[in-house]
Amino acid sequence: MPRTLSEVVFVDGVRTPFGKAGEKGIYAQTRADDLVIKCIRDLLRRQPNLPPERVEEVAIAATTQIGDQGLTLGRLAALLAGLPKTTPGYSVDRMCAGAMTAVTNTASSIAFGAYDIAIAGGVEHMGRHPMGEGVDPNPRIVAEKLVDTSALVMGETAENLHDRYPSVTKERCDNFAVASQNKLQQAYEDGKIQPDLVPVATRHADKGWGLATVDEPPRKDVKLEDLTSLKTPFRPHGNVTAGNAAGLNDGATACLLASERAANELGLPVGMRLVTYSFVGVEPEVMGIGPVPATEKALDHAGLSIDDIGLFELNEAFAVQVLAFLEHFGIADDDKRVNPWGGAIATGHPLASSGVRLMTQLSRHFEEHPEVRYGLTAMCIGIGMGGAVIWENPHHAEYVSSVDSEVSKLHSNNSEEGVA
């Protein structure tokens with residue numbers, strides 16, 4: 001029997017509060033896999049109409065797949081979260097875009113008809129497993145000059161991107177970083193962030209037991225002058241500082257994806273519909289430019305232009321990376337469509353988990369902005385890549401009318417079959 005492609009929808013997403021990596025961070029003595037398990041359990045709790053046995057795949061990303069982030073984490077997390085033993089799972093690694101890739105992989109399987117419902121997410125415990133732990137890069141990479149040595153240090157690639165975009169000054173980056181912090185602070189004050197945070201019990205040798213309920217990295221009431229004197233560790237008199245880049249963080253995310261048919265059948269909410277996605281390779285020395293060609297390719301796939309995108313969730317690995325993207329597409333640094341609740345510079349960036357944070361927040365923005373039809377989540381990826389995913393707002397009038405038309409057609413076909 002020939003397969004028919006299915007529309008794929010983002011149902012719901014959650015995350016742990018993000019912590020600072022290191023001995024003083026909130027998750028210093030918390031296992032990475034336990035962070036993911038909390039997210040999966042909370043997804044199931046939030047969707048009581050979803051029988052656990054209907055989840056047919058669990059894909060969990062981690063950049064450093066070792067220790068409590070290793071051993072086919074998707075499968076182990078599924079078992080430990082209480083999903084049936086019949087639920088398979090696997091691990092994903094595409095560095096910063098791990099969770100984004102877990103989503104696009106499982107979404108593709110749903111679209112193909114291999115299954116109807118999946119959980120995708122990511123985790124990074126950078127305090128326990130620093131990026132690059134245990135790796136052994138082939139010496140040919142440098143010896144044969146396949147890449148410049150700066151390609152292996154993310155902060156240096158950001159400085160290289162400043163060279164490519166001299167108009168993106170340190171002052172612009174610092175201003176963007178301050179705005180990110182202020183927008184996140186305002187979002188917390190407005191109660192926007194808290195509904196999708198999963199509280200996590202924590203333990204410290206000195207502090208005892210605690211409960212993580214808010215992000216640890218944000219700098220409250222930060223001002224531009226607080227950033228101007230920070231050191232530039234990747235280049236003397238450079239542009240990249242701890243203030244205009246994401247930090248080293250711990251945290252996890254997870255989301256629920258479904259075929260539109262299964263979501264309607266089970267009464268699951270539709271947060272947004274997947275339109276298309278793209279991953280591309282770029283020069284590793286300027287990996288931060290990756291979201292630009294990835295977005296151009298995704299727009300071409302969808303038959304859209306950048307002007308059709310009404311909301312952007314761009315990962316702020318470095319301010320220069322986002323500003324280069326905005327400058328390329330002619331978008332102002334302070335455009336209100338971009339990262340309305342701040343971004344990774346303020347929230348934190350636990351590498352492989354961040355893609356689902358972007359998606360969860362975009363789905364919440366769609367609820368508040370039914371006038372916007374399309375949104376974009378995009379991020380740069382280490383070793384020279386970029387990823388972009390375009391989503392459609394289910395609250396937009398044209399989406400609603402198209403769904404109503406499909407439902408009416410389905411009912412009409414069913415009626416005709418009944419008469420026959």
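Reading guide: rules and limits
- Residues numbered from 1 in each chain as written.
- Predicted model: local features only at pLDDT ≥ 70, side-chain atom pairs only at ≥ 80, totals over all residues.
- Heavy atoms only, no water.
- Buried < 20%, exposed > 50% of the residue type's maximum accessible area, 1.4 Å probe, protein only.
- Helix = DSSP H or I, 4+ residues; strand = E, 2+ residues; numbered from the N terminus.
- Pairing = 2+ DSSP bridges.
- Disulfide = S-S within 2.5 Å.
- Axes fitted to C-alpha atoms, helices over the stretch in contact; angles between N-to-C directions.
- Parallel < 35°, antiparallel > 145°, perpendicular 65-115°, else oblique.
- Contact = heavy atoms within 4.5 Å.
- Core = buried A, V, L, I, M, F, W, Y, C linked by side-chain atoms within 4.5 Å.
- Expected span 1.5 Å × (residues − 1).
- Arc of directions from axis to C-beta.
- UniProt positions renumbered as here; feature names shortened; annotations may be inferred.
- Phe/Tyr/Trp six-rings, centres within 6.5 Å; stacked < 30°, edge-to-face > 60°.
- Lys NZ or Arg CZ within 6 Å of the ring centre and 35° of its normal.

Of all eight residues that make up strand 1 (residues 8-15), eight are buried, and the element is covered over most of its length. The pairing of strand 1 with strand 8 (residues 249-259) spans seven bridges and is classified as antiparallel. Paired with Arg15 across the two strands is Thr253, which belongs to strand 8.

Another point: the state of the cysteines. Taken as a whole, this structure holds zero disulfides when the rule is applied. No disulfide involves Cys39; its sulfur sits 10 Å from that of Cys255, the nearest cysteine.

All right, on to the pairing of strand 5 (residues 117-125) then. Within strand 5, nine of the nine residues are buried, which leaves it mostly tucked inside the rest of the structure. Residues Ile117, Ile119, Gly121, Val123 and His125 point to one face of strand 5 and Ala118, Ala120, Gly122 and Glu124 to the other, with burial holding for every one of them. Relative to strand 5, strand 3 (residues 58-61) runs parallel, the two being bridged by four bridges. The partner of Val58 across the bridge, within strand 5, is Ile119.

Looking now at the packing of helix 6 (residues 170-189) against helix 10 (residues 319-328). Between helix 6 and helix 10, whose axes approach to 9 Å, the crossing angle comes to 100°. Classed by the angle they form, the pair helix 6 and helix 10 counts as roughly perpendicular. Each of Arg172, Cys173 and Phe176 in helix 6 lies in contact with helix 10, whose residues at this interface are Ala319, Val320, Val322, Leu323, Leu326 and Glu327.

Our next topic: the nonpolar core. A general trend in soluble globular proteins is that nonpolar side chains are found buried together. Counting residues in each nonpolar core, the largest one holds 46 residues, and the members touching the most others are Phe312, Leu314, Phe318, Leu326 and Leu376. Sequence-distant contacts of Phe318, defined by excluding residues within four places in its chain, comprise Met154, Gly155, Ala158, Val240, Asn244, Ala245 and Met287.

Here the focus is helix 9 (residues 291-302). An ideal rise of 1.5 Å per residue puts 16 Å on twelve residues; helix 9 measures up with 16 Å between its terminal C-alpha atoms. Buried within helix 9 are the following residues: Pro291, Val292, Ala294, Thr295, Ala298 and Leu299. Taken around the axis of helix 9, the buried residues stretch over an arc of 165°, which confines them to a single face. Of the surrounding elements, those touching the buried residues of helix 9 are strand 9 (272-281), strand 10 (309-314), helix 10, strand 11 (374-381) and strand 12 (385-392). At the exit of helix 9 stands Gly303, carrying a positive phi of roughly 70°.

According to UniProt, the positions carrying the feature "domain: Thiolase N-terminal" (unreviewed entry) are residues 8-260. The annotated region residues 8-260 carries 31% helix and 19% strand content, and the separation between its end C-alpha atoms amounts to 6 Å.

What follows is about the environment of Phe10. Considering the arrangement of structural elements, one finds Phe10 in strand 1. Phe10 gets classed as buried once you look at its relative accessible area, which sits at 0%. Measuring from C-alpha to C-alpha, the distance between Phe10 and Glu260 comes to 9.1 Å, with 250 residues separating the pair along the chain. Apart from residues lying up to four places away in sequence, Phe10 is in contact with Cys255, Leu256, Leu257, Pro269, Val270, Gly271, Met272, Met359, Thr360, Ser363 and Trp391.

Applying the stated criterion across every chain yields a total of four aromatic pairs. Between the aromatic rings of Phe325 and Phe329, the centroid separation amounts to 4.8 Å while the plane-to-plane angle is 55°, which identifies the pairing as tilted. Both residues of the pair, Phe325 and Phe329, count as buried. If you follow Arg15 out to its NZ or CZ, it ends over the ring of Phe18, 4.5 Å from the centre. If you follow Arg94 out to its NZ or CZ, it ends over the ring of Phe279, 3.9 Å from the centre.

Unusually for a residue other than glycine, Leu351 sits at a positive phi of about 20°. With respect to the helices, strands and loops of the structure, Leu351 is situated in the loop between helix 11 (344-347) and helix 12 (354-368). We classify Leu351 as buried; its relative accessible area is 7%. With a phi angle near 65°, Ile383 is a residue other than glycine that sits in the positive phi range. Mapped onto the fold, Ile383 is located in the loop between strand 11 and strand 12. According to the relative accessible area criterion, Ile383 is partly exposed, its value standing at 45%.

Here Leu152 is to be found in the loop between helix 4 (140-143) and helix 5 (154-164). Leu152 gets classed as partly exposed once you look at its relative accessible area, which sits at 44%. When the C-alpha atoms of Leu152 and Gly122 are compared, they prove to be 22 Å apart, with 30 residues separating the residues in sequence. In this structure Leu152 touches Val142 and Ile383, once residues within four positions along its chain are discounted.

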